[in-house]
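Residues per chain are reported as follows:
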Amino acid sequence: MRIAVVTDSTADLPSDATASGDLFVVSLSVAFGDDVHVAGVDLGADDFYSRLQTSDVLPVTSQPSPQAFDDLYAACAEQGFDHVLSVHCSSELSGTHDVASQRAPHAPVDVEVVDSRLVGGALGLAVLRALRVAQDTGDPAQARAAVDRVRDGVVGLLIVDTLGFLRRGGRLSGAQAAVGTALNVKPVLGVVDGRVEVVDRARTSRRAFERAVELAVEGAGASAVDACVVHASAPGRASALEARLSQQVAIASQWRATIGPIVGTHVGPGAVGLAVVPAE
């Protein structure tokens, strides 16, 4: 079977990810007041972070419209795909999965919608793993199983300059956000059961970086890993994190991506993260 993989713009993917023609991204929207943009279409990451630094209005995000899914699924059918694996960010963080699920039964092609329970670089790893398996096997069940294996085995961590963006966006409780300001503690964040949680704490940014790598290595065990490092307008921090990670674990494949406007709205500029999963 010819399988299309669909995801959304909360996935941090390398810039050439869609080059094969079998991977498609449906975009969420970001609005500064009444000024609404489609992330990655008419508002790129660099312009977004520049505006975020200077705007008096904090941005808000919104899920794709039902029409966006209708159009994309129809395009997949027109291009001759037999099956669509539609893999989206955690339903605890966005309504994107729910919209996809509502529109899938009306699509002119067989669509399977998956709640990855992930976001960001971890979601990107799941999507690219599914794409590889889909292209290699042509088997929808094996492609779906690849997503499940990444979900169960991935370690995704994030270090932010401030928890204020997550708190204002409702992705982190006030109590959790307070952890990041008490005694200058630097929290290490992760996605636990589909939600953003504080998984560790450090006294300094440097120690937070070290702790994130330690947790990633612990999660990987003795296996070589597929890895990604992501950043919100912080390439120097990303390079430092890549270097530290490569010293601690065997890397089978690695890529870097910029955190896009949707996730960037909630983590703010300066954030940097990594995700690792045992290689297959």
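Keep in mind it's a predicted model, so treat the numbers as computed, not measured. (Residues numbered from 1 in each chain as written. Predicted model: local features only at pLDDT ≥ 70, side-chain atom pairs only at ≥ 80, totals over all residues. Heavy atoms only, no water.)

> So what exactly am I meant to see when it comes to the side chain of Thr96 here?
Residue placement: Thr96 occurs in helix α3 (residues 96–103). When neighbours within four sequence positions are excluded, Thr96 is seen to be in contact with Asp8, Leu28, Gln63, Pro64, Phe69 and His88. (Helix = DSSP H or I, 4+ residues; strand = E, 2+ residues; numbered from the N terminus. Contact = heavy atoms within 4.5 Å.)

> Would you mind showing me how to read the packing of helix α8 (residues 205–220) against helix α9 (residues 235–248) here?
For the pair α8 and α9, the least separation of the axes is 10 Å and the interaxial angle reads 40°. Judged by the angle between their axes, α8 and α9 are oblique. The two elements α8 and α9 meet at a crossing, and its hand is right-handed. Listed contacts from α9 to Phe209, Glu210, Val213 and Val217 of α8 are Arg237, Leu241, Arg244, Leu245 and Gln248. (Axes fitted to C-alpha atoms, helices over the stretch in contact; angles between N-to-C directions. Parallel < 35°, antiparallel > 145°, perpendicular 65-115°, else oblique. Left-handed = near helix turned anticlockwise from the far one by under 90°.)

> How should I be thinking about the environment of Gly270 in this particular structure?
By the secondary structure assignment, Gly270 is in the loop between α10 (261–267) and β13 (272–278). Assessed through its relative accessible area of 9%, Gly270 is described here as buried. Separated by 19 residues in the primary sequence, Gly270 and Ile251 have C-alpha atoms spaced 25 Å apart. Gly270 has contacts with Ile159, Asp161, Ala232, Ala234 and Arg237, leaving out every residue within four places of it along the chain. (Buried < 20%, exposed > 50% of the residue type's maximum accessible area, 1.4 Å probe, protein only.)

> Which parts of the structure should I look at to understand the nonpolar core?
Across soluble globular proteins, nonpolar side chains show a tendency to be buried alongside one another. If you look at the biggest cluster of nonpolar residues, it comprises 52 residues, and the most contacted ones within it are Leu23, Leu125, Val154 and Ile259. By residue number, the principal contributor to this core is helix α4 (residues 120–137), which donates nine residues. Apart from the residues within four sequence positions on either side, Leu125 is in contact with Val150, Val154, Asp226, Ala227, Cys228, Trp255, Ala275, Val276 and Val277. The next biggest cluster of nonpolar side chains, apart from the first, holds 22 residues, and it includes Leu157, Leu241, Leu245 and Val272. (Core = buried A, V, L, I, M, F, W, Y, C linked by side-chain atoms within 4.5 Å.)

> Honestly, the sheet that holds strand β12 (residues 251–258) in this entry has me stumped. Any pointers?
Across a sheet, strands are paired by hydrogen bonds formed along the backbone, either parallel or antiparallel in direction. Across the sheet, which stays open at both edges, the six strands sit in the order β10-β9-β8-β13-β11-β12 with mixed pairing between neighbours. Each edge of the sheet is formed by a strand with only one pairing partner; in this case those strands are β10 (195–202) and β12. Neighbouring strand axes in the sheet, compared pairwise and without regard to direction, differ in orientation by 20° on average. By the bridge criterion, five bridges tie strand β8 (residues 155–159) to β13 in an arrangement that is antiparallel. Of the residues in β13, the one forming a bridge with Gly156 is Ala275. (Pairing = 2+ DSSP bridges.)

> Whenever I open this one, the side chain of Ser94 confuses me. Can you help?
Tracing the chain through its elements places Ser94 in the loop between β6 (83–88) and α3. Residue class for Ser94 comes out buried when judged on its relative accessible area of 13%. Within the structure, Ser94 has its side chain in polar contact with the side chain of Thr96 (distance 2.7 Å). Setting aside residues no more than four positions away along its own chain, Ser94 makes contact with Leu28, Gln63 and Cys89. (Polar contact = N/O pair within 3.5 Å; in protein donor to acceptor, adjacent residues only side chain to side chain.)

> What is the right way to look at the sheet that holds strand β1 (residues 3–8) in this model?
Overall, parallel pairing links the four strands, which are arranged β2-β1-β6-β7 in an open sheet. Whereas interior strands pair on both sides, the edge strands pair on one side only; in this sheet they are β2 (23–26) and β7 (110–115). Taken pair by pair, the neighbouring strands of this sheet meet at an average axis angle of 25°, ignoring direction. Each of β1, β2 and β6 touches α4; the most contacted strand, β1, lies at about 175° to it. Contacting β1, β6 and β7, helix α5 (residues 140–153) runs over the sheet at an angle of about 10° to β6.

> Honestly, helix α1 (residues 45–54) in this entry has me stumped. Any pointers?
Working note: α-helix, 3.6 residues per turn, so residues spaced by three or four point in the same direction. Three or more residues of α1 are buried, namely Ala45, Phe48, Tyr49 and Leu52. All buried residues of α1 fall inside an arc of 95° around its axis, so they share one side. What points out from α1, more than 90 degrees from its buried face, is the exposed set Asp46, Asp47 and Thr54. (Arc of directions from axis to C-beta.)

> When you look at the packing of helix α2 (residues 66–78) against α3 in this model, what are you seeing that I'm missing?
Pairs of packed helices are described in terms of their axes, by the angle between the two and the distance that separates them. Interhelical geometry of α2 versus α3 gives an angle of 55° and a closest axis separation of 9 Å. Relative to α3, the element α2 is oriented oblique. For the pair α2 and α3, the crossing hand works out as right-handed. The segment α2 lies against α3, with Pro66, Phe69, Asp70 and Tyr73 engaging Thr96, Val99, Ala100 and Arg103. Class assignment for the residues of the contact of α2 with α3 results in five nonpolar, one polar and two charged. (Nonpolar A, V, L, I, M, F, W, Y, C, P; charged D, E, K, R; others polar.)

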